[in-house]
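Spelled out, the chains give:
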Amino acid sequence: MIAIVDYGAGNIFSVKNALDYLELESILTSDAKEIENADAVILPGVGAFPSAMNKLSESGLTDVVKREAKNKPFLGICLGMQMLFDKSYEFEECDGLGLISGSVEKMEKPGLIIPHMGWNKLEYGVNCPILHGIGDDAYVYFVHSYAAVTDEKYLAAWVDYAGRVPAMVYDGSTVYGAQFHPEKSGDIGLKILRNFGGLIK
Amino acid sequence: MLAKRIIPCLDVRDGKVVKGVKFEGVRDVGDPVELAEIYNRQGADEIVFYDITASYEKRGVMLDVVRETAKRVFVPLTVGGGIKTVEDIRDTLRAGADKVSVNSQAVKNPSLIKEGADIFGSQCICVGIDAKKIADNKWTVYINGGRVDMQIDLIDWVKRIEQLGAGEICLNSIDADGTKEGFDLPMLKSVCNAVNIPVIASGGAGKIKDFSEVFEKTGATAALAASLFHFGELTVGEVKEHCRSNGIAMRVK
């Protein structure tokens, strides 16, 4: 059973639809017990960083999310990936979950079209179980204006958008983060979600 | 490298697919969910449903279409047409759309762009624009399906909507729409120079070369077409293969 954390900031139904399509059992939940009992956890999210962190905290889920991320396969998607880091500078400096060291900063370069919106090609970094078998020429769907700044040792995949943009981060243990939307990335995205489901023992 | 996007658009009335030629002469064709699946298989990078349902009461039918499609098609879905309020945006996103495209209502009530972006994020607010040339390098914005000239300068308008928090612009040329003579390159160039948000080219695609040309000659990040794909004159796959062979980055499915 995969718990999809429902804290009021995300396109949770798309993630649920994709898992249903893959016949991976999942539940939308804002209940700490259900998150504890799940075999794996997905933290989705769209919108602004501070408001998402606030909503997570108001739902009383910050602690359980931090704890369970270390206990079982845990995947943050889009803003949910950005929330894995120590802090963000979206609107104001704001603490994240601190599960992977790094920060989230505005993507800025003269003339660069923002948001980074569309399909970009994955380039691979450190070995990451949920990217196994994804192969070359793998395009996935992005839409974001802020990006993670983190150490290469956490960088499982990146894309080129006026420089390296972290696409998939991995702590080497249980914590995964996808800046792109696997649930909106066609067959490649579905394969990544299937791999994630396959981590469940 | 970010790929350029090819986006088929399905015009939907009362839950059925139709196609207007220059906004007139509608002809019923088929099931939008099935067509979205076909486009998905062809490699569509996004799918747009444009709701031309006249009566507000029947808008629920469009949401059912989105709900069903979102269970079977895992690429971004955009819904445009008839979106008037923050509640409409919320309902559409909750049904499974990733973005909404607001057009006439954004012109009548620009605060809808800001409210939508503040609540749901810029990434899901696309502003659709119908514009028509009035002089060299000068265009004005139209509403109500290209029928009413609002006498707003296009370049002023795109700058304003970027400031209000729109995440994307879908720019339709009334002059090019339905002509099949290619996208409106001067209009697209001017708009792409004026803003730093993604611009989708719409209106005028008739030949396969129109797609490579719009990417080679303008800053558009995506190209949209309806009838061309709808009547099977070209497939999304053929267009992408052509663009790729011309050195334009395209997603490999």
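Residues numbered from 1 in each chain as written. Chains lettered and ligands numbered in written order. Predicted model: local features only at pLDDT ≥ 70, side-chain atom pairs only at ≥ 80, totals over all residues. Heavy atoms only, no water.

Focus on the overall build of chain A
Turning to step 1, where the next piece is worked out: The number of helices and strands found in chain A is six helices and 14 strands.
Turning to step 2, where the next piece is worked out: The globule rule puts the C-alpha radius of gyration for 201 residues at 17 Å, and the 15 Å found for chain A is close to it.
Turning to step 3, where the next piece is worked out: Across its three principal axes, chain A shows a C-alpha extent of roughly 45 × 40 × 30 Å.
Turning to step 4, where the next piece is worked out: When each of the 201 residues of chain A is scored for burial, the buried share is 59%. (Helix = DSSP H or I, 4+ residues; strand = E, 2+ residues; numbered from the N terminus. Rg over C-alpha atoms; globule rule 2.2 N^0.38 Å. Buried < 20%, exposed > 50% of the residue type's maximum accessible area, 1.4 Å probe, protein only.)

What about the overall build of chain B?
Turning to step 1, where the next piece is worked out: Counting secondary structure elements, chain B contains 10 helices and 12 strands.
Turning to step 2, where the next piece is worked out: The C-alpha atoms of chain B give 17 Å as radius of gyration, which agrees with the globular expectation for 253 residues (18 Å, within 12%).
Turning to step 3, where the next piece is worked out: With the C-alpha coordinates aligned to their principal axes, the bounding extent of chain B is approximately 45 × 40 × 40 Å.
Turning to step 4, where the next piece is worked out: Evaluated residue by residue, chain B yields a buried proportion of 62% over its 253 residues.
Turning to step 5, where the next piece is worked out: Counting contacts in chain B only where the partners sit at least 6 residues apart, residues at least 24 apart contribute 65% of the total.
Turning to step 6, where the next piece is worked out: Summed over its atoms, the accessible surface of chain B is roughly 9,900 Å², and 48% of this surface lies on carbon and sulfur atoms.
Turning to step 7, where the next piece is worked out: In chain B, 34 positive and 36 negative side-chain charges are present, and the distance between their average locations comes to 1 Å. (Contact = heavy atoms within 4.5 Å. Areas by Shrake-Rupley, 256 points an atom, 1.4 Å probe, with all protein chains shown as cover. Lys, Arg positive; Asp, Glu negative; His and termini not counted. Charge placed at Lys NZ, Arg CZ, Asp CG, Glu CD.)

So, the interface of chain A and chain B
Turning to step 1, where the next piece is worked out: Taken together, the contact between chain A and chain B spans 31 residues of the former and 32 residues of the latter.
Turning to step 2, where the next piece is worked out: Both sides together, the interface formed by chain A and chain B hides about 2,500 Å², and carbon and sulfur atoms give 59% of it.
Turning to step 3, where the next piece is worked out: Taken as a group, M117, W119 and K184 of chain A account for 28% of the area that chain A buries against chain B, more than any other trio of residues on that side.
Turning to step 4, where the next piece is worked out: Here chain A and chain B share one salt bridge between them.
Turning to step 5, where the next piece is worked out: Put simply, D98 of chain B and K184 of chain A hold a salt bridge, and the shortest N to O gap is 2.9 Å.
Turning to step 6, where the next piece is worked out: Linking chain A to chain B there are 10 residue pairs in polar contact (both at pLDDT 80 or more).
Turning to step 7, where the next piece is worked out: Listing elements by their share of the side of chain A that touches chain B, those giving two or more residues are α1 (12-21), β8 (116-121), β10 (139-144) and α6 (186-198) of chain A.
Turning to step 8, where the next piece is worked out: If you tally residues by element for the side of chain A that touches chain B, the top one is β8 of chain A, at six residues.
Turning to step 9, where the next piece is worked out: For the side of chain A that touches chain B, the class distribution of residues is 15 nonpolar, 10 polar and six charged. (Buried area = accessible area lost by both parts, 1.4 Å probe. Salt bridge = Lys/Arg side-chain N within 4 Å of Asp/Glu carboxyl O. Polar contact = N/O pair within 3.5 Å; in protein donor to acceptor, adjacent residues only side chain to side chain. Nonpolar A, V, L, I, M, F, W, Y, C, P; charged D, E, K, R; others polar.)

Let's talk about the packing of helix α5 (residues 111-120) of chain B against helix α6 (residues 154-164) of chain B
Residues and elements named next belong to chain B.
Turning to step 1, where the next piece is worked out: Two elements in contact, α5 and α6, have axes separated by 8 Å at closest approach and are oriented at 30°. Classified by the interaxial angle, the pair formed by α5 and α6 is roughly parallel. Crossing of α5 against α6: the hand is right-handed. For the pair formed by α5 and α6, the contact residues are I113, K114 and A117 on the first element and W157, I161 and L164 on the second.
Turning to step 2, where the next piece is worked out: Of the residues assigned to the contact of α5 with α6, the class counts are five nonpolar, no polar and one charged. (Axes fitted to C-alpha atoms, helices over the stretch in contact; angles between N-to-C directions. Parallel < 35°, antiparallel > 145°, perpendicular 65-115°, else oblique. Left-handed = near helix turned anticlockwise from the far one by under 90°.)

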